[in-house]
Amino acid sequence: MAFRSRREKLRLILSGSACIHPGSVYDAISIRIAEDLGFPLGMFGGSVASLAVLGDPDVTLITLTELAEQMRRMSRAAVLPVLVDADHGYGNALNVRRTVQELEAAGAAGLTIEDTLLPAAFGEARTQLISLEEGVGKMKAALDGRSDASLVIMGRTGAASITSIEDAIRRAQAYEATGVDALFFTGIKSRAELEAVAAATRLPIVLGGAPEELSALDYLAGQRVRIALQGHAPIAAATQAVYETQKALREGTAPKALRGLASSDLTSRVMREADVKARSADFLGLKK
């Protein structure tokens with residue numbers, strides 16, 4: 001299968017003894033830059049997907065089709081394995097199964113399915129969770145939906161910051177029993193909480209949104225954390241850069257006087273211009 005080697009790379013990360021930081025990716029340019037810089041893995045977050053594709057906040061407005069198509073564009077642009085935040089699977093357990101099928105076909109190396117109640121319920125300002133039983137059903141459906149056994153499926157819970165760490169452990173144990181490949185936690189606030197989670201489970205752990213106390217990679221590795229997210233700074237930096245450039249142009253700055261622009265060399269590398277020129281010579285008879 002075309003994408004198996006990418007998925008096997010993610011599995012090697014999960015089966016190793018180290019903890020790594022993934023690069024935050026969201027389009028063809030960002031994934032190529034992350035790949036060129038040597039990141040072992042890309043993370044395609046739901047919030048950055050919503051911002052990059054729709055320009056909307058992370059309130060579950062993006063569709064599965066839009067998410068999968070953006071993943072497909074990145075798969076074409078680079079060979080870096082990508083872990084996709086598939087949110088709640090875009091519906092019930094049957095929708096989760098379809099989500100896995102679409103993201104597998106789009107080239108994802110792995111994906112997460114979470115137990116957050118999405119979209120938000122009418123009249124409820126606080127984030128809520130689905131029941132443990134429904135969460136288990138979603139994990140089972142996700143596993144049933146994959147045709148490539150190398151595709152990584154992670155069970156994700158935000159219970160630590162929504163209900164309690166005890167509930168997070170209970171849910172993680174139930175998801176672990178379904179056969180998922182790893183456990184993804186958000187809302188872990190301290191070493192004591194992480195150590196409790198690690199002691200009560202067996203699978204590789206992925207951490208999202210952890211505080212400064214949980215930033216030492218050696219410590220995290222000792223608690224079976226294999227991937228630790230660092231947020232999504234690249235898209236924030238890109239947004240600021242576009243704003244500053246547009247603002248300067250609007251205020252009359254000459255294009256040649258603009259600062260902070262990518263060099264022609266960097267742009268050429270990101271476009272893989274040398275490869276395109278070589279193909280043009282080989283296939284179109286153009287001079288190199």
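Residues numbered from 1 in each chain as written. Predicted model: local features only at pLDDT ≥ 70, side-chain atom pairs only at ≥ 80, totals over all residues. Heavy atoms only, no water.

**Student:** Mind laying out the nonpolar core, listing which residues take part and the relevant values?
**Tutor:** In terms of nonpolar packing, the biggest core is built from 62 residues, with Phe44, Val84, Leu103, Ile188, Leu207 and Leu220 touching the most fellow members. The residues contacting Phe44, other than those within four sequence positions of it, are Val25, Tyr26, Ala49, Leu67, Gln70, Met71, Met74, Val82, Leu83, Val84 and Asp85. (Core = buried A, V, L, I, M, F, W, Y, C linked by side-chain atoms within 4.5 Å. Buried < 20%, exposed > 50% of the residue type's maximum accessible area, 1.4 Å probe, protein only. Contact = heavy atoms within 4.5 Å.)

**Student:** Can you explain the pairing of strand E7 (residues 205-208)? Please cite residues and give values.
**Tutor:** On E7, burial covers both faces: Ile205 and Leu207 on one face and Val206 and Gly208 on the other are all buried. Examined bridge by bridge, strand E6 (residues 182-186) and E7 share four bridges and lie parallel to one another. Bridge pairing links Phe184 to Val206 in E7. Crossover connection from E6 via helix H9 (residues 191-200) to parallel E7: handedness right-handed. Of the pairings in the sheet, the one linking E7 to strand E8 (residues 225-228) comprises three bridges and is parallel in character. (Helix = DSSP H or I, 4+ residues; strand = E, 2+ residues; numbered from the N terminus. Pairing = 2+ DSSP bridges. Right-handed = clockwise from strand over helix to strand, strands pointing away.)

**Student:** Residues and numbers for helix H2 (residues 28-36), please.
**Tutor:** Taken together, the buried positions of H2 are occupied by Ser30, Ile31, Arg32 and Ala34. Among the structural elements, strand E1 (23-24), helix H4 (64-77), strand E3 (82-85) and helix H12 (264-270) are those in contact with the buried residues of H2. Backbone nitrogen of Ile29 and a side-chain oxygen of the N-cap are separated by 3.3 Å at the start of H2; the cap is Asp27. Following H2 by one or two positions, Gly38 has its phi on the positive side, about 95°. (Polar contact = N/O pair within 3.5 Å; in protein donor to acceptor, adjacent residues only side chain to side chain.)

**Student:** So what about the pattern of salt bridges? Which residues, and what values?
**Tutor:** A complete count under the given rule lists 18 salt bridges for this structure. Ionic pairing is found between Arg98 and Glu102, a salt bridge with its closest N-O pair at 2.8 Å. Of this pair, Arg98 and Glu102 both sit in helix H5 (residues 93-105), four residues apart, roughly one helical turn. Its relative accessible area of 24% is what places Glu102 among the partly exposed residues. Here Asp167 makes a salt bridge to Arg170, at a shortest N to O gap of 2.9 Å. Residue Asp167 and its partner Arg170 are located together in helix H8 (residues 165-178), separated by three residues, close to a single helical turn. (Salt bridge = Lys/Arg side-chain N within 4 Å of Asp/Glu carboxyl O.)

**Student:** Could you give an account of the pairing of E3, naming the residues involved and the relevant values?
**Tutor:** The side chains of a regular strand alternate between the sheet's two faces. Of the two faces of E3, the one carrying Val82 and Val84 and the one carrying Leu83 and Asp85 are both buried. Here strand E2 (residues 42-44) pairs with E3 via three bridges, running parallel. Across the sheet, residue Gly42 finds its bridge partner in E3, namely Val82. Relative to strand E4 (residues 110-114), E3 runs parallel, the two sharing three bridges. Paired with Leu83 across the two strands is Gly110, which belongs to E4. At this point the chain moves from E3, through H5, to the parallel E4, and the crossover so formed is right-handed.

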